[in-house]
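Residues per chain, in single letters:
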2 protein chains.
Amino acid sequence: MAMAIALSERGRGRTGGNPNVGCIIVKGGIIVGRGWTQPGGRPHAEAMALAQAGKAAKGADIYVTMEPCAHKSERGPTCADLVKDAAPARVIVATLDIDERTRRHGIDRLGDAGVSVSVGLLEQQAHRAMAGFFTRMEKGRPHVTLKLAMSLDGCIAMADGTSKWITGDRARAHAHLERARCDAILVGAGTVAADNPSLDVRLTGLEKRSPIPIVLGKAEIQDHWQEIAEPEAIAGLDNINWLLIEGGSATAASFLKANLVDRLLLYRAPILIGGGLQGIGDIGLGSLDAAHGQWTRLDRRDLGQDMLEIYERAA
Amino acid sequence: MAMAIALSERGRGRTGGNPNVGCIIVKGGIIVGRGWTQPGGRPHAEAMALAQAGKAAKGADIYVTMEPCAHKSERGPTCADLVKDAAPARVIVATLDIDERTRRHGIDRLGDAGVSVSVGLLEQQAHRAMAGFFTRMEKGRPHVTLKLAMSLDGCIAMADGTSKWITGDRARAHAHLERARCDAILVGAGTVAADNPSLDVRLTGLEKRSPIPIVLGKAEIQDHWQEIAEPEAIAGLDNINWLLIEGGSATAASFLKANLVDRLLLYRAPILIGGGLQGIGDIGLGSLDAAHGQWTRLDRRDLGQDMLEIYERAA
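In this numbering scheme, every chain counts its residues from 1 along its sequence in written order. Starting at A for chains and at 1 for ligands, labels are handed out in the order in which the entities are written. Since the coordinates come from a predicted model, pLDDT governs what is reported: local features require at least 70, and pairs of side-chain atoms require 80 or more to be given and counted, while whole-chain, interface and lining totals use all residues. Hydrogen atoms and water are omitted, and side-chain values are computed over all heavy atoms in the structure.

Chain A appears in an unreviewed UniProt entry as Riboflavin biosynthesis protein RibD from Parasphingorhabdus litoris. UniProt positions are given in the numbering used here, feature names are shortened, and annotations may be inferred rather than shown by experiment. Quoted verbatim from the Function (unreviewed entry) field of the UniProt record, the comment on chain A reads "Converts 2,5-diamino-6-(ribosylamino)-4(3h)-pyrimidinone 5'-phosphate into 5-amino-6-(ribosylamino)-2,4(1h,3h)-pyrimidinedione 5'-phosphate."

Given below as structure tokens:
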């Protein structure tokens with residue numbers, strides 16, 4: 001299942017309104033099929049893995065990070081039917097779908113056809129890997145990551161705005177990889193005016209995975225940009241599961257204030273700036289007590305001389 | 001030698017102008033004597049360890065973090081003589097003394113008496129453990145640690161100055177332990193006016209190890225406080241090897257600007273404050289390039305939910 005979850009990450013940021021599912025088909029200890037939700041959402045992970053496996057899927061074990069879809073679509077047969085017709089021995093599901101049209105119907109259809117089905121293996125990890133979809137279904141908005149690149153003393157730029165560069169090559173490459181894993185990137189109008197950022201993915205081979213640029217507020221933008229007037233308007237962004245916020249401090253603060261940040265991506269360089277610009281403006285914090293217990297660290301790693309910490313909002 | 005260095009840490013912050021040396025005497029695989037520089041500087045580590053070992057020191061191996069002293073003092077015989085008279089088989093020294101009155105004389109006196117002497121084992125670690133003494137001898141001022149307790153976004157307080165509490169119990173206890181390892185603590189006049197801090201060690205059993213409080217600038221202070229007018233005046237502090245700076249941001253900036261900070265002690269809590277007070281004011285940084293390459297991380301560890309990072313100035 002861990003492998004299926006890793007595969008699901010390949011689709012992250014490219015599956016439109018669909019969940020980025022991963023699927024592995026195993027027979028006799030050998031992987032006979034691997035699949036992940038393809039760009040735009042089709043084929044689904046199961047369809048791709050089953051196509052690879054062919055007849056080998058019969059009697060096999062299918063690991064899939066989300067319950068196979070059971071609701072009809074113009075875009076092809078349901079995965080529940082595809083899986084059922086392949087006649088596997090077992091289907092191991094990490095998490096149920098949250099879409100009521102499929103929820104439990106997918107596994108029931110398989111169970112009714114005599115396939116052994118289990119649910120819950122690595123559920124939390126799968127949920128996290130597909131958090132964009134779940135957040136959109138549960139909260140009616142994309143999953144939001146706030147990225148900051150800071151000095152040890154928490155500055156994101158010198159007092160005059162200079163921010164090239166705080167972090168080193170490896171941290172910046174990682175930040176571009178995170179861009180490629182998002183459907184859209186948002187910055188504030190002030191950042192557009194000051195930096196005119198391109199917000200594209202500058203990693204060899206991933207140039208085409210550049211997300212949709214979005215500005216919060218009024219700014220002079222190019223045609224392919226989108227514009228929203230307030231943080232809450234992200235609810236109206238179609239087919240965007242994963243949203244990355246890259247600055248500046250007023251924009252970061254407005255999303256935090258609106259309780260619309262799910263994940264923090266903090267890159268920290270071993271430098272002191274002193275009296276520079278802060279990454280986050282006033283978020284209307286009433287007391288220090290209120291600040292505690294909000295964030296849980298998921299990961300911490302070194303990227304060259306810099307450090308990356310990833311936090312998610314505490315449950 | 002690692003054990004001798006660990007012992008040397010016991011004296012840290014309490015040996016006045018003397019180095020905090022550690023010493024282990026080993027015979028036949030058994031430790032027969034342990035010593036570390038005692039409060040005020042006497043007895044020296046070697047004298048203490050030799051007193052423990054007694055006749056067992058004859059033919060033993062003596063591990064000592066610094067070359068035994070060879071210059072006469074009114075306070076007793078030199079350690080070089082004491083060691084020589086004990087007739088050990090070998091003396092293993094981590095680092096030479098930097099005091100010209102002893103430098104090389106200590107080991108030469110032992111060598112001349114037929115004792116096998118080696119120098120350099122774990123030298124860097126020993127140097128770091130006695131950095132207060134070395135800094136005072138080399139730079140004519142105490143070794144300076146700057147401590148900051150921050151949020152993830154680099155704030156040391158809310159905008160209204162509230163800073164109780166950013167970090168949790170374990171981080172605060174560790175910070176008090178660090179106080180106990182210093183001869184003196186310095187804060188700015190603004191911090192004194194705002195917080196009237198006691199700067200004592202509030203750890204059971206270590207209350208008597210509270211350092212000398214010092215204020216930078218003019219403030220209403222109690223009798224046992226000292227006062228200095230500018231960062232450079234720390235050169236005039238007598239018998240202080242280890243100095244800890246605890247705030248505020250202008251004080252931190254003034255020491256950094258004067259290039260008088262050797263070590264950073266950064267406690268970071270998993271909270272966001274947003275638009276709070278920064279830990280370090282303007283340090284006159286000319287460019288981001290100039291900020292790089294200045295600090296090397298020595299340690300990183302979790303203290304409860306908080307994280308501690310220790311940096312030292314790059315060589």
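Let's pick the thread back up.
A.B. asks: Looking at this model, I keep getting lost on the pattern of salt bridges. Mind explaining?
C.D. replies: Pairs can form between side chains of opposite charge once their charged atoms are near each other. Here, a salt bridge means any side-chain nitrogen of Lys or Arg that lies within 4 Å of a carboxyl oxygen of Asp or Glu. Scanning the entire structure with this criterion turns up 42 salt bridges over all chains. A salt bridge links A:Glu9 to A:Arg12, with the shortest nitrogen-to-oxygen separation between them at 3.1 Å. Throughout, exposure labels follow a simple rule: accessible area from a 1.4 Å probe, protein chains only, divided by the maximum for the residue type, with under 20% read as buried, over 50% as exposed, and the rest as partly exposed. Given a relative accessible area of 23%, A:Glu9 falls into the partly exposed group. By relative accessible area, A:Arg12 is classed as buried at 6%. Across the pair B:Asp200 and B:Arg202 runs a salt bridge whose closest N-O atoms are separated by 2.5 Å.

A.B. asks: Quick question: what am I supposed to make of the side chain of A:Ser151 here?
C.D. replies: Residues and elements named next belong to chain A. The topology assignment puts Ser-151 in the loop between strand E6 (143-150) and strand E7 (155-157). The class for Ser-151 is buried, based on a relative accessible area of 0%. N or O atoms within 3.5 Å of each other form a polar contact, as long as, within protein, one can give a hydrogen and the other can take it, and as long as residues adjacent in sequence are counted only when both atoms are side-chain atoms. At a separation of 2.5 Å, a polar atom in the side chain of Ser-151 contacts the side chain of Asp-153. Between two residues, a contact is recorded if the distance between any of their heavy atoms is within 4.5 Å. When neighbours within four sequence positions are excluded, Ser-151 is seen to be in contact with Ile-166, Arg-268, Ala-269, Ile-271 and Ile-273. Secondary structure elements are defined from DSSP: runs of H or I of at least 4 residues count as helices, runs of E of at least 2 residues count as strands, and each element is numbered from the N terminus.

A.B. asks: So what exactly am I meant to see when it comes to the domain arrangement of chain A here?
C.D. replies: By a widely used convention, the size of an interface equals the accessible area lost when the partners come together. All names here are of chain A. Note: domain ranges come from an automatic or database domain assignment. Annotation of chain A at the domain level lists domain 1 (2-133) and domain 2 (141-313). A straight line from the C-alpha centre of domain 1 to that of domain 2 covers 32 Å. Between domain 1 and domain 2, the contact holds 16 residues from the first and 12 residues from the second. Here domain 1 and domain 2 share an interface that buries about 1,200 Å² over both sides, 42% of which is from carbon and sulfur atoms. Linking domain 1 with domain 2 are two salt bridges, by the criterion used here. When two parts are put together, the accessible area they lose, computed with a 1.4 Å probe and summed over both, is reported as buried area.

A.B. asks: Just checking my understanding: could you explain the interface of chain A and chain B for this structure?
C.D. replies: In this complex, chain A contributes 41 residues to the contact, which on the side of chain B involves 41 residues. For the chain A and chain B pair, buried surface summed over both sides reaches about 3,400 Å², with 60% attributable to carbon and sulfur atoms. Together, A:Leu152, A:Leu272 and A:Leu288 form the three largest contributors to the area buried by chain A at its contact with chain B, with a combined 20%. The tally of links between chain A and chain B comes to four salt bridges. For the salt bridge of B:Asp302 with A:Arg300, the shortest nitrogen-to-oxygen distance reads 2.9 Å.

A.B. asks: I would appreciate a short explanation of the sheet that holds strand E14 (residues 295-303) of chain A in the present structure.
C.D. replies: Backbone hydrogen bonds hold the strands of a sheet together, and the pairing may be parallel or antiparallel. Residues and elements named next belong to chain A. Strands were regarded as paired on the criterion that DSSP finds at least two bridges between them. The strand order across the open sheet formed by eight strands is E10-E9-E8-E11-E6-E12-E15-E14, and the pairing between neighbours is mixed. Of all strands in the sheet, those bounded by a partner on one side alone are strand E10 (226-228) and E14. Averaged over all pairs of adjacent strands, the angle between strand axes in this sheet comes to 25°, irrespective of strand direction. Here, axes are lines fitted to C-alpha atoms. For helices the fit covers the stretch in contact, and angles between N-to-C directions go from 0 to 180 degrees.

A.B. asks: I would appreciate a short explanation of the packing of aromatic side chains in the present structure.
C.D. replies: By convention here, two paired aromatic rings are described through the distance between centres and the angle between planes. When two rings of Phe, Tyr or Trp (its six-membered ring) have centres within 6.5 Å they constitute a pair, described as stacked for plane angles under 30 degrees, edge-to-face for angles over 60, and tilted for the intermediate range. The tally for this structure, following the rule as stated, stands at two aromatic pairs over all chains. Each ring, one from A:Phe133 and one from A:Phe134, has its centre 5.8 Å from the other, and the planes form 70°; the classification is edge-to-face. Between B:Arg10 and the ring centre of B:Trp36, over which it is positioned, the NZ or CZ distance is 4.5 Å. The criterion is that NZ of a Lys, or CZ of an Arg, lies within 6 Å of the ring centre and within 35 degrees of the ring normal, and then a charge sits over that ring. Across the ring face of B:Trp242, the terminal group of B:Arg12 is positioned such that the distance to the ring centre comes to 3.8 Å.

A.B. asks: I keep staring at the sheet that holds strand E9 (residues 212-216) of chain B and nothing clicks. Help me out?
C.D. replies: Residue and element names in this part refer to chain B. Read from one edge to the other, the open sheet built from eight strands follows the order E10-E9-E8-E11-E6-E12-E15-E14, with strand pairing classed as mixed. The two strands at the open ends of the sheet, each matched to only one other strand, are strand E10 (226-228) and strand E14 (295-303). Looking at each pair of strands side by side, their axes are set apart by 25° on average, direction ignored. Relative to strand E12 (residues 263-268), strand E6 (residues 143-150) is paired through six bridges, and the arrangement is parallel. Bridging from a neighbouring strand, Lys-147 pairs with Leu-265 of E12.

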